[in-house]
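Observations on the three-dimensional arrangement
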Amino acid sequence: MVVNAAAVSEPTAETADAVLDRWQRDPLALVQILRETQAATYWLPRSLLVHIAAALGLTVAHVEGVAGFYRFFHTSPVGCVRLLFSDNITDRMLGSEALLAQLCARLGVAPGEVDAQGRFSVDRCSCTGLCDQGPALLVNHHQVVTRLDGARVDALADCLLAGTPVEEWPDEWFRVVDGVQRADLLLTGLAADASSLPAVLARSPQALLDEVAQSGLRGRGGAGFPTERKWQACRDAPGPLRCVVCNADEGEPGTFKDRVLLASHADSVFDGMTVAARAVGAQQGFVYLRGEYRFLLPQLEQVLARRRVAGLLGRNAAGIAGFDFDIAIHLGAGAYVCGEESALIESLEGKRGTPRIRPPFPVQAGYLGRPTVVNNVETFCAVAHIARRGGAWWAGIGTAQSTGTKIHSVSGDCARPGLYEYPLGTTIAQILDECGAPQAQAVQVGGPSGACIPASEFGRAIAFEDVPSAGAFMVFDRSRDLFEVARHFARFFAHESCGLCTPCRVGTELVVRRLDKLAHARGAGHASAFDIERLHDLDTVLHSGTHCGLGASACNPLRDTMRHFGAAYAQRSTAAQFQPDIDLDAELSSARRVTRRTDAGAHLHTDTPT
Amino acid sequence: MNAPPIPEAPRKLRVATVSLGGCFGCHMSLLDIDERLLELIEKVDFDRSPLTDIKTVGECDVGLIEGGLCNAENVEVLRAFRAHCRVLVAVGACAITGGLPALRNHLDVGDMLQSVYGEVPDDPELPLPLNRVLPIHEVVHIDHALPGCPPPADAFWQLLQDLIAGRTPVQAPGLIRYD
Ligand SMILES: Cc1cc2nc3c(=O)[nH]c(=O)nc-3n(C[C@H](O)[C@H](O)[C@H](O)COP(=O)(O)O)c2cc1C
Ligand code: SF4
Ligand code: SF4
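The structure presented is a predicted model; accordingly, all values stated were derived computationally and were not measured.

Observations regarding the pairing of strand β15 (residues 451-454) of chain A
All names here are of chain A. Direction of pairing for strand β14 (residues 440-445) relative to β15: antiparallel, over a ladder of four bridges. Residue pairing in the sheet places Ala442 in a bridge with Pro454 of β15. Between β14 and the antiparallel strand that follows it, β15, lie five residues; Gly446 among them carries a positive phi value of about 80 degrees.

Digging into the packing of helix α13 (residues 266-280) of chain A against helix α16 (residues 377-389) of chain A
Residues and elements named next belong to chain A. At a minimum axis separation of 7 Å, α13 and α16 run at an interaxial angle of 75 degrees. When the axes of α13 and α16 are compared, the pair comes out roughly perpendicular. Contacts between α13 and α16 involve Ser268, Val269, Asp271, Gly272, Met273, Val275 and Ala276 on the former and, on the latter, Val377, Phe380, Cys381, Val383, Ala384, Ala387 and Arg388.

Let's talk about the sheet that holds strand β5 (residues 143-145) of chain A
Sheet strands pair by backbone hydrogen bonding; their relative direction is either parallel or antiparallel. Residue and element names in this part refer to chain A. The five strands lie next to each other as β2-β3-β1-β4-β5, forming an open sheet whose pairing is mixed. Edge positions in the sheet fall to β2 (113-114) and β5, since each has one partner strand and no second. Pairing geometry for β2 and strand β3 (residues 120-125), over two bridges, is antiparallel. Its bridge partner lying in β3, Glu113 is registered against Val122. Strand contacts of helix α7 (residues 150-162): β1 (81-86), β3, β4 (137-139) and β5, with the helix running at about 165 degrees to β1, the strand carrying the most contacts.

Side note on the interface of chain B and chain A
Taken together, the contact pairs 29 residues of chain B with 28 residues of chain A. Roughly 2200 Å² of surface becomes buried between chain B and chain A when both sides are summed, with 56% attributable to carbon and sulfur atoms. When the buried surface of chain B facing chain A is broken down by residue, Arg79(B), Leu128(B) and His141(B) rank first, second and third, together holding 29% of it. There are four salt bridges connecting chain B and chain A. Put simply, Arg132(B) and Glu587(A) hold a salt bridge, and the shortest N to O gap is 2.6 Å. Run the count over chain B and chain A and you get 10 residue pairs in polar contact (both at pLDDT 80 or more). Breaking the side of chain B that touches chain A down by element, the ones donating at least two residues are α3 (72-84), α5 (109-117) and β6 (129-134) of chain B.

Some words on the site of ligand 2
Around ligand 2, the surrounding shell holds 13 residues, and the nearest of these are Cys498(A), Leu500(A), Cys501(A), Cys504(A) and Cys548(A). When grouped by side-chain class, the residues that make up the shell around ligand 2 number eight nonpolar, five polar and no charged.

Describing the site of ligand 1
Residues and elements named next belong to chain A. Around ligand 1 sit 18 residues in total, of which Gly221, Lys230, Asn375, Asn376 and Thr379 are the nearest. Take Gly339: an N or O atom from its main chain is 3.2 Å from a nitrogen atom of ligand 1. At 3.0 Å from an oxygen atom of ligand 1 is found a main-chain nitrogen or oxygen belonging to Glu341. For ligand 1, whose free accessible area comes to 610 Å², the fraction covered by protein is 88%. For the shell around ligand 1, the elements supplying multiple residues, two or more each, are β10 (372-376) and α22 (549-553). With three residues, the top contributor of residues to the shell around ligand 1 is β10. A per-class count over the shell around ligand 1 returns three nonpolar, nine polar and six charged.

Procedures and definitions
- For every chain, the first residue of its written sequence is number 1, and the numbers climb from 1 along that sequence.
- Going through the entries in the order they are written, you letter the chains from A and number the ligands from 1.
- Local features in this predicted model are restricted to residues of pLDDT 70 or higher, and side-chain atom pairs are both shown and tallied only at a pLDDT of 80 or more, whereas totals for entire chains, interfaces and linings draw on every residue.
- The basis for the side-chain values is all heavy atoms of the structure; hydrogens and waters are excluded.
- Note on pairing: DSSP must find at least two bridges between two strands before they are called paired.
- A run of DSSP states H or I qualifies as a helix once it reaches four residues; a run of E qualifies as a strand once it reaches two. Both are numbered from the N-terminal end.
- To define axes, lines are fitted to C-alpha atoms, for helices over the stretch in contact only, and angles between the resulting N-to-C directions are given on a 0 to 180 degree scale.
- Roughly parallel refers to an angle under 35 degrees, roughly antiparallel to one over 145, roughly perpendicular to one between 65 and 115, and oblique to any angle outside these ranges.
- The criterion used for residue contact is that any of the two residues' heavy atoms lie within 4.5 Å.
- Defined here as a combined quantity, buried area equals the accessible surface (1.4 Å probe) lost by two parts on assembly, summed across both.
- Throughout this description, the term salt bridge denotes a Lys or Arg side-chain nitrogen within 4 Å of a carboxyl oxygen of Asp or Glu.
- Each polar contact in these results corresponds to two N or O atoms within 3.5 Å; when the atoms are within protein, one needs to be able to donate a hydrogen and the other to accept it, and residues that are neighboring in sequence are counted only if both atoms are side-chain atoms.
- Here a residue is near a molecule or strand as soon as one of its heavy atoms is found within 4 Å of it.
- Under the convention adopted here, Pro, Cys and the residues Ala, Val, Leu, Ile, Met, Phe, Trp and Tyr are nonpolar, Asp, Glu, Lys and Arg are charged, and Gly plus all remaining residues are polar.
- Note on areas: Shrake-Rupley with a 1.4 Å probe; residue coverage comes only from the protein chains shown.

Read these as layout, nothing more, since geometry by itself doesn't imply function.
Written out as structure tokens, the structure is:
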């Protein structure tokens, strides 16, 4: 069913109405409603947005603003089958660009375009969290195809050209593995029956808080904030209603540990959320699941249903009188910034994922203004263990400031990519050794927002007091050009900037343009030291002048690679004078056309004479 | 008795100014330093500038550029300034971003010429307009920028005082305004 923009057709309106009814016409569910409607209508014509706005009592401007914000919402026609190639640097290192070109050639479409008959469209998207089994692509924002190679792409083209429905594609294509290479306590998991939860929850909220305090647990989502302090602040904030949110947005390129925890240890994650709810006195729980992980939704819903039947969720959860707590899953729609906790809350409220001004922090005023705890998937998983085995036990693992274990998503140039769980304080060298990366020249720890660590610093440890990590571990061997790595990450940030504040919206784009100038300066040596100077300036501005962490860390790869791999920049900036990045003579083309002038004054040379 | 040596007057700073694709508002704002102009000319000589009517730029310490690049002549003048000025300053929104004139950038300049003039003159005396109005930093290296539309007189004063004293110019936060 392809809908046209003029008027909302009967079947389309019916589809939307069914979705609207399922969400009880709740304006807070707008993002979910748009997502589910689009799953049936392929894209969101304006007439449909008008219809949805009227049904929810929202303005059309609001609904259009939301639809226009998220990458996975389409406000112009797309193909009946939408393919998005995962475009992390690790996908590229595995040949994703050539495979994208191959598929486009077979299908006769260009990236970003729709086939003339409206059958399919092919484009790129940010990292899909399948770096150890890539190159990967996303189908209809629903399934993922992993381990692409020339043969698989050819077979895929055959299916698309023959019109074979996605449900009939070979199962093997959709296979996603956990890829656990080294399991410690989190990845080994809890004993199969989680029946000890009621006993755990029977303890007083203060006892649970004390246990988490004693564990020294710090958040695994990146910032490393002490979990107990966050919970205590939420508990202490005034108000009758509280929320617990599991941040399963896992948008940081190169990170895929939360995917595996959700796929194979969902009970632990939900245990941890339930413990948090009991400790802070929350009634409402959310999992904010990134849209790229839509394929996990049915099994997660199943686990929740099973837990409701077992009495672990709902009224008097786990048999504790007065403890009413349930969990709902909300899906994201392709916006990295929604991993930032206040943007995530905006998205949960059905709005654009724009980071809020803080304070107030979510623990003071989060979802609908209620005190809200937001924690990473892995943090909740750790809580499930700590609540059972005690804070002291957890504190005995790792280092004094960084207790417990940490899961690393290892990808890139190594023999055995996958998940590696180690006590915090493990050196980068040890991880490299075990994943098989003798030729490594650098590791991007914690994703593009993290740090680029050169070989001379492989002796450093991953811990909050040394190299903190949100879980990505991308290895680059000596054949890689770290300048190109930084340029790729710069494109990622420019693409994902939410556009709220100018230093980030404009600054990330200026970084990309300047790096592009260095990358393909017209002729040899057309970039100069002045361009490097501008990059330093941009780093300073973005680091200090942006509204949220996205902009603040957007120049980290640039800064690190300029520092550690300066030669890669120097060899691209050898001009003695500043040189323009514009073909100035071409800038006179329109005027020449209408004046028909050919004299010397009708031309400009571009280069600054040296 | 020998007369005490008369101290040699410190060399004056040589300053050139020009309005490219600007409205002269920035120059007017410079004149708004009012009676401080008298103090200024104790320390500054003006080279090419609308204030002197000198037509070509000589060797200078400082060049102040108002306005963006609208046409081929603007580019040549800017290049001459860069070649002759030790320190080049982008003055005002137009120089820094293209400013108001850049509002034409989403239209085709050839089409506009045709619809306005019908028969477009081909006289080589007339500089050809660029497809897009460009900020000056796209074409030459710029050392400092003075934001504002126009920058307030005090910002000009501060900039020139800093340059006369040999300091790196820094704008006092109060002199940068966005409204
Ligand atoms: C741009 C941006 C993206 C983020 N993405 C994630 C994410 O995908 N997952 C996550 O857990 N935290 C992410 N965070 C950090 C969250 O804001 C928040 O600190 C975290 O979820 C808190 O959980 P924790 O205390 O358990 O670490 C992101 C932060 C920023 C600024
Ligand atoms: S820093 Fe970037 S992502 Fe964050 S609010 Fe500003 S524009 Fe949005
Ligand atoms: S910045 Fe303002 S005052 Fe200066 S030239 Fe441009 S429009 Fe005129």
